[in-house]
Amino acid sequence: MAEKILRIEDLTMQFGGVVAVDHFSMVINQGEIVALIGPNGAGKTTAFNAVTGVYTPTSGSVFLGEKNITGLRPDQITALGIARTFQNIRLFSSMTVFENVLTAHHLRRTSNVFTATLRLNAAEEARMRKDTEELLKRVDLYEFKDEMATSLPYGKQRLLEIVRALATKPKLLLLDEPAAGMNPQETEELGEFIKRIRREFDLSIFIIEHHMNLVMGISDRIYVIEFGKQIAEGVPEEIQNNPAVIEAYLGGGEDL
Amino acid sequence: MSMTEKKKISTPQIISAAIILAFYVLVFIAEQTLAPTSMIFTVLKKGATYALVAVSMNLLNGFTGIFSLGQAGFMLIGAYVYAIFTIPLAQRAAVYQYYNGGIVQFTLPVFIAMILSGLVAAFFAYLIGLPVLRLKSDYLAVATLGFAEIIRAIFQWDKIGPLTNGSNMLRLFPTFNDFNIKNSSGEVVVYLSTMVPLLISGVCIALILMLINSTFGRALRAMKDDEISAEAMGIHLASHKQLAFCISSFFTGVGGAMLAMYQTTVQAKSFTTAMTYEILLIVVIGGIGSVTGSCLSSFLFVACSEWWLRFLDQKQVIGGFEVPLLRNGFRLVVFSIIIMIVVLFFRQGIMGTRELPDLFRKKRSAAKKGA
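Analysis parameters
- Residues numbered from 1 in each chain as written.
- Chains lettered and ligands numbered in written order.
- Predicted model: local features only at pLDDT ≥ 70, side-chain atom pairs only at ≥ 80, totals over all residues.
- Heavy atoms only, no water.
- Pairing = 2+ DSSP bridges.
- Helix = DSSP H or I, 4+ residues; strand = E, 2+ residues; numbered from the N terminus.
- Contact = heavy atoms within 4.5 Å.
- Axes fitted to C-alpha atoms, helices over the stretch in contact; angles between N-to-C directions.
- Buried area = accessible area lost by both parts, 1.4 Å probe.
- Salt bridge = Lys/Arg side-chain N within 4 Å of Asp/Glu carboxyl O.
- Polar contact = N/O pair within 3.5 Å; in protein donor to acceptor, adjacent residues only side chain to side chain.
- Core = buried A, V, L, I, M, F, W, Y, C linked by side-chain atoms within 4.5 Å.
- Buried < 20%, exposed > 50% of the residue type's maximum accessible area, 1.4 Å probe, protein only.
- Expected span 1.5 Å × (residues − 1).
- Arc of directions from axis to C-beta.
- Parallel < 35°, antiparallel > 145°, perpendicular 65-115°, else oblique.
- Left-handed = near helix turned anticlockwise from the far one by under 90°.
- Nonpolar A, V, L, I, M, F, W, Y, C, P; charged D, E, K, R; others polar.
- pLDDT = per-residue confidence, 0-100.
- Phe/Tyr/Trp six-rings, centres within 6.5 Å; stacked < 30°, edge-to-face > 60°.
- Lys NZ or Arg CZ within 6 Å of the ring centre and 35° of its normal.

1. What to know about the sheet that holds strand E1 (residues 4-15) of chain A
Residue and element names in this part refer to chain A. With antiparallel pairing, four strands are arranged side by side in an open sheet as E2-E1-E4-E5. Two strands close off the open sheet at either side, each with one partner strand: strand E2 (18-29) and strand E5 (67-68). Summarising the sheet, E1 and strand E4 (residues 59-64) pair through five bridges and their orientation is antiparallel. Bridging across to E4, Glu 9 finds its partner in Ser 61. Where helix H1 (residues 44-51) meets the sheet, it contacts E1, E2 and E4, and its direction lies at approximately 115° from that of E1.

2. Observations concerning the interface of chain B and chain A
Facing the 32 residues of chain B at the interface are 41 residues of chain A. Buried surface at the junction of chain B and chain A, summed over both partners, amounts to about 3300 Å²; 58% is from carbon and sulfur atoms. Counting every contact that joins chain B to chain A gives three salt bridges. Among the ionic pairs, Asp 226 of chain B bridges to Arg 90 of chain A, the shortest N-O distance being 2.8 Å. Summed over the shared surface of chain B and chain A, the result is 12 residue pairs in polar contact (both at pLDDT 80 or more). Looking at the side of chain B that touches chain A, the elements with two or more residues in it are helix H8 (195-212), helix H9 (215-225), helix H10 (227-232), helix H11 (237-263) and helix H15 (364-370) of chain B.

3. Some details on the nonpolar core
In terms of nonpolar packing, the biggest core is built from 157 residues, with Leu 173 and Ile 205 of chain A together with Tyr 82, Met 114, Leu 170 and Val 266 of chain B touching the most fellow members. Beyond its immediate sequence surroundings of up to four residues, Leu 170 of chain B is in contact with Tyr 80, Ala 83, Ile 84, Ile 87, Val 95, Tyr 96, Thr 164, Asn 165, Thr 264, Thr 265 and Val 266 of chain B. Grouped together as the second largest cluster of nonpolar side chains are 27 residues, Ile 8, Leu 11, Val 21 and Ile 82 of chain A included.

4. Remarks on the pattern of salt bridges
All names here are of chain A. Per the stated rule, a full pass over the model turns up 25 salt bridges over all chains. Lys 137 is paired through a salt bridge with Glu 133; the nearest N and O atoms lie 3.5 Å apart. With Lys 137 and Glu 133 both in helix H5 (residues 122-138) and four residues apart, the pair spans about one turn of that helix. The network of salt bridges with shared partners includes Glu 32, Arg 221 and Glu 233.

5. Concerning unusual backbone geometry
Of note in this structure, Lys 169 of chain A is not a glycine but carries a positive phi near 55°. Residue position: Lys 169 of chain A is located in the loop between helix H6 (154-166) and strand E7 (172-176).

6. Considering helix H7 (residues 184-200) of chain A
Since the α-helix advances by 3.6 residues per turn, residues separated by three or four positions end up pointing in the same direction. Residues and elements named next belong to chain A. Its 17 residues place the ends of H7 24 Å apart at the C-alpha level, agreeing with the 24 Å of an ideal helix rising 1.5 Å per residue. Those residues of H7 not exposed but buried are Thr 187, Leu 190, Gly 191, Phe 193, Ile 194 and Ile 197. For H7, the angular spread of the buried residues around the axis is 165°, confining them to a single face. Within H7, the exposed residues directed more than 90 degrees away from the buried face are Pro 184, Gln 185, Glu 188 and Arg 199. Regarding H7, its N-cap is Asn 183, as a side-chain oxygen of that residue lies 3.2 Å from the backbone nitrogen of Gln 185 further along.

7. A look at the packing of helix H2 (residues 39-61) of chain B against H8 of chain B
Residues and elements named next belong to chain B. At a closest axis distance of 9 Å, the pairing of H2 and H8 adopts a crossing angle of 15°. One way to sum up the angle between H2 and H8 is to call them roughly parallel. Pair H2 / H8 crosses with left-handed handedness. Note on element contacts: H8 touches H2 through Pro 197, Leu 198, Ser 201, Cys 204, Ile 205, Ile 208, Leu 211 and Ile 212, opposite Leu 44, Lys 45, Ala 48, Ala 51, Leu 52, Val 55, Ser 56 and Leu 59. Tallied by class, residues from the contact of H2 with H8 come to 13 nonpolar, two polar and one charged.

8. Thoughts on the sheet that holds strand E10 (residues 229-234) of chain A
In a beta sheet, neighbouring strands pair by backbone hydrogen bonds and run either parallel or antiparallel. Residue and element names in this part refer to chain A. Read across the open sheet, the six strands follow the order E6-E7-E8-E3-E9-E10; overall the sheet is mixed. Looking at the sheet topology across the chains shown, the edges are occupied by strand E6 (82-84) and E10. The average angle at which neighbouring strand axes cross in this sheet is 20°, direction not considered. On the sheet, H7 packs against strand E3 (33-37), E7 and strand E8 (204-208) and is oriented at approximately 155° with respect to E8.

9. Considerations on the confidence of the model for chain B
All names here are of chain B. Across chain B, the average pLDDT comes to 89, with 95% of residues at 70 or higher. Mean pLDDT per element in chain B: H15 is the minimum at 40, and H11 is the maximum at 97. Here residues 1-6 scores under 50 on pLDDT; set against residues more than four positions off or in separate chains, the count is 13 contacts. This stretch, residues 364-371, has a pLDDT under 50; its non-local contacts, to residues over four places away or in other chains, come to eight contacts. ipTM for the predicted complex: 0.90, alongside a pTM of 0.90.

10. Re H6 of chain A
For H6 of chain A, with 13 residues, the first-to-last C-alpha span of 19 Å sits near the 18 Å given by 1.5 Å per residue. Judged by how many residues are buried, H6 of chain A sits mostly within the fold: 11 of 13 residues are covered. Residues of H6 of chain A that are buried sit in contact with E6, helix H3 (97-103), H5, E7 and H7 of chain A together with H10 of chain B.

11. Remarks on the environment of Gln 71 of chain B
Turning to its location among the elements, Gln 71 of chain B is positioned in helix H3 (residues 71-86). In this structure the C-alpha to C-alpha distance between Gln 71 of chain B and Phe 147 of chain B, which are 76 residues apart in sequence, comes to 9.8 Å.

12. Overview of the packing of aromatic side chains
This model, assessed by the stated rule, comprises 16 aromatic pairs over all chains. Ring centres of Phe 74 of chain B and Phe 147 of chain B lie 4.9 Å apart, and the angle between their planes is 35°; this geometry places the pair in the tilted category. Highlighted residues: Phe 74 of chain B in helix H3 and Phe 147 of chain B in helix H6 (residues 137-155), separated in sequence by 73 residues. Phe 147 of chain B carries the same exposure label as Phe 74 of chain B, and that label is buried. The ring of Phe 98 of chain A has Lys 145 of chain A lying over it, and the distance from NZ or CZ to the ring centre is 5.9 Å. Between Arg 164 of chain A and the ring centre of Phe 92 of chain A, over which it is positioned, the NZ or CZ distance is 4.5 Å.

13. Notes on the side chain of Ser 111 of chain A
Residue and element names in this part refer to chain A. If you trace the backbone, Ser 111 turns up in the loop between H3 and helix H4 (113-117). Ser 111 gets classed as buried once you look at its relative accessible area, which sits at 8%. Polar contacts involving the side chain of Ser 111 include one to the side chain of Asn 121, which spans 3.5 Å. Here Glu 124 takes part through its side chain, which lies 3.0 Å from a polar atom of the side chain of Ser 111.

Written out as structure tokens, the structure is:
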């Protein structure tokens, strides 16, 4: 059995009287692509936010490898090796493509504000720039490097957000609806891209997605939640034929 | 634009450096030739002071996204620290006449005192930042504004009079005029009273620029663009905000020391909220997010308020005809109208977010075609 990279144990996330995530548990093994699906409002993004530290779970724990990361700040969790993208694109709008990716290297700096201001960190700065350059070349975004990030076509902005997350050197990448708003052609390319970065960057990937073709095409395992509760777990074929999942998506037949 | 991402010094940067150098040379020549009482030197001295404070404020408002209105408070701290530690021992009895010569019985060299001004301002900023930086936008602005008012009241408090001289004036400390080089008989050989403040301000602004262009500057800009996303990129919001707040306050404190030198006297009651608004106005007119803009608009602002519009405050008689409306205070009416015009027609300020080298650069798209 492969090493467990992420373990969520009995996670509950409550906002006042609303239980957004209800005693949810899951694991992601090293190198896996795991999808989290469910109808709108099922609590998928809330689960993501609880993993990445945006929310502190009401109860339950999250482990990265052996380390308990429950309740840490988002920046601490990113430093430990979980990077994420957002459902609605959140690029740095005043920056170029290059600067967006370069900023993600700030995390791994060894300089302090004095050495950085007085340019005593020239070697580190040069390395950051070189890494950024290489990363952009690898994903074919180098030709856009001096464009403003928000002036890129929509699909490229999604791609850039993933690349920026990669620049933090994560072990686990969380993608929140990366194919939202993409056409079938772009979605297919995205699927190939996700498989490619898993291989090339030695990643595990946790993905929320509504495009079923994409989910079924790239996932090793799938978790399905509805009203914050897990209703199914398994490989894509199992999920496709699971009556509970079909009911959750297509609705029950109580009217008839 | 060069194909490699190595930082090369580009032609626009060379042109900009040349312009700045030429400016300093011109000021030096002007100072040796024109009468020292010329209004231009007043404008340059006060402009240099305001430029530094405006750029510090811009570091917060324009580059970090922290809307702070505590500038007058930090300038006050800087001005007082400078004055307290530089008044010559022989003069202390006269200055602190109600407090037996005060409790500080030593003096520091001018430049050390200026750095201390910045450090003390930064220390206060650190303490205030702990609670205040948790607030967002308007709330932060109100809290920092309140801080400045409290500081102003505290410094006039009678009980700490031996240190601050209470509500009395601090004076007789070294001013800009003491930078002039004199010969043994007391005649000025080389005039530097305008040059030195411009140099101090220039060095400080250069440091701020270097910070903005470093990896820390990128992190600050990222926070301004999108805090949630910046945090997800591993940037610790609280510590970076605290850092920006302390650095900005450091330079505001140095600016306060310069203001003390410019005014030749310091009194807490003059560091009002109106002073903060003047700085804010300079930042907005220059362009939020442009260091060049803040510098340019400082000099323009000071020139307008101290010099070019002064004639509006006096009766003017042209060919036996007395021009109507001109009387004491009319200058401020015209000034307000000019500001309204600027805000209406130059929403982004004079420079927007551009810097000096950008003016000599081809448009981004054109540059890309050439590459």
